[in-house]
Amino acid sequence: MLNRKIRNTESVKEKNRQAIIDAAGELASTRGIGSFTAVDLAERAGTSRRSIFNHFHSADDAVYAYLSQCLEGLFERASNIGESTGSADDLISYLQRTVLLDESYEILEHISAVISTDARRSGTLAWASQIIERAANVLADAVRHAVPNVSDVDAHLLSHTIISAIQTAQALWVNMSEEHKGSREEWNSLHHRALELVRIGPVALRADSAI
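Residues numbered from 1 in each chain as written. Predicted model: local features only at pLDDT ≥ 70, side-chain atom pairs only at ≥ 80, totals over all residues. Heavy atoms only, no water.

*Asks:* Can you help me understand the overall build of the chain in this one?
*Replies:* What the chain contains, in helices and strands, is 9 helices and 0 strands. Its helices and strands taken in sequence order, the chain reads α-α-α-α-α-α-α-α-α from the N to the C terminus. In the chain, which comprises 211 residues, the share counted as buried stands at 40%. Counting only contacts in the chain whose residues sit at least 6 apart along the sequence, the fraction spanning at least 24 positions is 64%. Here the chain has roughly 11900 Å² of accessible surface; of this, 52% comes from carbon and sulfur atoms. (Helix = DSSP H or I, 4+ residues; strand = E, 2+ residues; numbered from the N terminus. Buried < 20%, exposed > 50% of the residue type's maximum accessible area, 1.4 Å probe, protein only. Contact = heavy atoms within 4.5 Å. Areas by Shrake-Rupley, 256 points an atom, 1.4 Å probe, with all protein chains shown as cover.)

*Asks:* Help me understand the pattern of salt bridges in this model?
*Replies:* Pairing between side chains of opposite charge can happen when their charged atoms approach one another. All chains considered together, the criterion is met by 9 salt bridges. Measuring nitrogen to oxygen at the nearest pair gives 3.5 Å for the salt bridge that ties D40 to R31. Each of D89, E196 and R199 takes part in salt bridges that share partners, so that together they form one network. (Salt bridge = Lys/Arg side-chain N within 4 Å of Asp/Glu carboxyl O.)

*Asks:* Any chance you could explain the nonpolar core here in plain terms?
*Replies:* Soluble globular proteins tend to pack their nonpolar side chains together in the buried interior. L41, L67, L71, L91, I111, W127 and I162 are the most contacted members of the largest nonpolar core, which totals 61 residues. Among the elements of the structure, α1 (2-30), α2 (38-45), α4 (59-79), α5 (88-99), α6 (102-115), α7 (122-146), α8 (152-174) and α9 (184-200) are those that each provide at least two residues to this core. Looking at which element gives the most residues to this core, the answer is α4, with 12 residues. Residues contacting I111, with those up to four places away along its chain left out, are L67, C70, L71 and W127. (Core = buried A, V, L, I, M, F, W, Y, C linked by side-chain atoms within 4.5 Å.)

*Asks:* Would you explain the packing of aromatic side chains in this entry?
*Replies:* Given two aromatic rings, their pairing is described by the distance between the two centres and the angle made by the two planes. Inspection of the entire model under this criterion finds 3 aromatic pairs. Arranged with centres 6.2 Å apart and planes meeting at 15°, the rings of Y64 and W127 form a pair that is stacked. Residue Y64 is found in helix α4, and its partner W127 is found in helix α7; the two are separated by 63 residues along the sequence. For the pair Y64 and W127, one class covers both residues: buried. Judged by centre distance (5.0 Å) and plane angle (85°), the rings of Y105 and W187 are edge-to-face. Note that Y105 is positioned in helix α6 and W187 in helix α9, a separation of 82 residues in sequence. (Phe/Tyr/Trp six-rings, centres within 6.5 Å; stacked < 30°, edge-to-face > 60°.)

*Asks:* Just checking my understanding: could you explain α7 for this structure?
*Replies:* An α-helix turns once every 3.6 residues. As a result, residues three or four positions apart point the same way. Between its first and last C-alpha, α7 extends 36 Å over 25 residues, near the 36 Å set by a 1.5 Å rise per residue. Listed in full, the buried residues belonging to α7 are T124, W127, I131, A135, A136, V138, L139, A140, A142, V143 and A146. (Expected span 1.5 Å × (residues − 1).)

*Asks:* What is the right way to look at the packing of α8 against α9 in this model?
*Replies:* For any two helices packed against each other, the geometry is given by the interaxial angle and the distance between the axes. For the pair α8 and α9, the least separation of the axes is 9 Å and the interaxial angle reads 155°. Relative to α9, the element α8 lies roughly antiparallel. Read as a crossing pair, α8 and α9 show a hand that is right-handed. Seen from α8, the contacting residues are L158, T161, I162, A165, I166, A169, Q170, L172 and W173; seen from α9, they are E186, W187, L190, H191, A194, L195 and V198. Per-class residue counts for the contact of α8 with α9 are 12 nonpolar, 3 polar and 1 charged. (Axes fitted to C-alpha atoms, helices over the stretch in contact; angles between N-to-C directions. Parallel < 35°, antiparallel > 145°, perpendicular 65-115°, else oblique. Left-handed = near helix turned anticlockwise from the far one by under 90°. Nonpolar A, V, L, I, M, F, W, Y, C, P; charged D, E, K, R; others polar.)

*Asks:* I would appreciate a short explanation of the environment of G86 in the present structure.
*Replies:* One can find G86 in the loop between α4 and α5. According to the relative accessible area criterion, G86 is exposed, its value standing at 56%. Considered as a pair, G86 and V143 are 57 residues apart in the sequence and their alpha carbons are 9.7 Å apart.

*Asks:* How do you make sense of the environment of L71 when you look at a structure like this?
*Replies:* Mapped onto the elements of the fold, L71 is located in helix α4. Note: C-alpha distance between L71 and I107 (36 residues apart in sequence) is 7.0 Å. Not counting residues within four places of it along the chain, the set of residues in contact with L71 comprises I107, L108, I111, W127 and I131.

*Asks:* What exactly am I supposed to notice about α8 here?
*Replies:* Helix length check: α8 (23 residues) gives 33 Å between terminal C-alpha atoms against 33 Å at 1.5 Å per residue, within 8%. Elements in contact with the buried residues of α8: α5, α6, α7 and α9.

Okay, here's the thing in structure tokens:
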């Protein structure tokens, strides 16, 4: 009986937490990060202000939890890459195909849009740093699976290089001139090119390679 009560309590807490995260995502997507309070969040989530602070230090932390959940599918896909590839070249080629999927585009485009609403940046930068480190660790594990006997240093160097390439391609796409902004074709081209340069290095450079 006691165990059942504990499970029921945990279930209610988890449902409340998820409701708060979902509400934070809705508010951040429509108003922007830092543009609503814990009271606003509680009202949207159908819970109390106290419940917000039982789960998060601030409304912004709930937004970061939402953004992290948006990335879970990509992390899960990345964690399985090494199992199905036989070399670093295969791994990066697989990543190229994965990044160009509709799911990847929609997730990264949405996250960029939400992050761009944050005028203060400090909290978002801290969250982004944690996410980058987590993504790099996931990819480093994939490298170890794909390349037997690879050193930890090389695995981390390659994983951080991959993350940096994707991050830079995303930033270039966001900052493109107005006539190209939002173009899926340009997004595909930038991300594919970024990973191609990681995959084969300077060999990929050509006089006609400008995007």
